Amino acid sequence: MTDHGRVYDYYDDYSAYMDIDSIQLADGIPGSSGGEECLHLFACSNCTFEKPVIIKFSTL
């Protein structure tokens, strides 16, 4: 599975440029806005299976 970045970046043409706390209001995860988690899209390069995965923010 390959990390394809934040799910929010795929919402529309401008969502990748929006403030993370604001865009998290639409991710379907209660209380995620302002939290320390981010919803990323992982996909398999062999079968194209996609899965959203909650990951913790990192300072690296």
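Residues numbered from 1 in each chain as written. Predicted model: local features only at pLDDT ≥ 70, side-chain atom pairs only at ≥ 80, totals over all residues. Heavy atoms only, no water.

**Student:** Quick question: what am I supposed to make of the overall build of the protein chain here?
**Tutor:** What the protein chain contains, in helices and strands, is one helix and three strands. Helices (α) and strands (β) of the protein chain occur, in sequence order from the N terminus, as β-α-β-β. Counting across all 60 residues of the protein chain, residues that qualify as buried make up 27%. In the protein chain, 34% of the contacts between residues at least 6 apart in sequence involve partners at least 24 apart. Of the accessible surface of the protein chain, which amounts to about 4400 Å², a share of 56% is contributed by carbon and sulfur atoms. (Helix = DSSP H or I, 4+ residues; strand = E, 2+ residues; numbered from the N terminus. Buried < 20%, exposed > 50% of the residue type's maximum accessible area, 1.4 Å probe, protein only. Contact = heavy atoms within 4.5 Å. Areas by Shrake-Rupley, 256 points an atom, 1.4 Å probe, with all protein chains shown as cover.)

**Student:** I tried to follow the sheet that holds strand 2 (residues 37–43) on my own but got confused; where do I start?
**Tutor:** Where strands meet in a sheet, backbone hydrogen bonds hold them as pairs that are either parallel or antiparallel. As summarised here, the arrangement of the three strands in space is 1-2-3, forming an open sheet in which the pairing is antiparallel. Two strands in the sheet have a free side with no partner beyond their single neighbour: strand 1 (2–6) and strand 3 (50–56). Shown here is a sheet whose adjacent strand axes are inclined to one another by a mean of 35°, direction ignored. The pairing of strand 1 with strand 2 spans three bridges and is antiparallel. Note on strand 2: the bridge partner recorded for Thr2 is Ala43. (Pairing = 2+ DSSP bridges. Axes fitted to C-alpha atoms, helices over the stretch in contact; angles between N-to-C directions.)

Coordinates in, geometry out; function isn't part of it.
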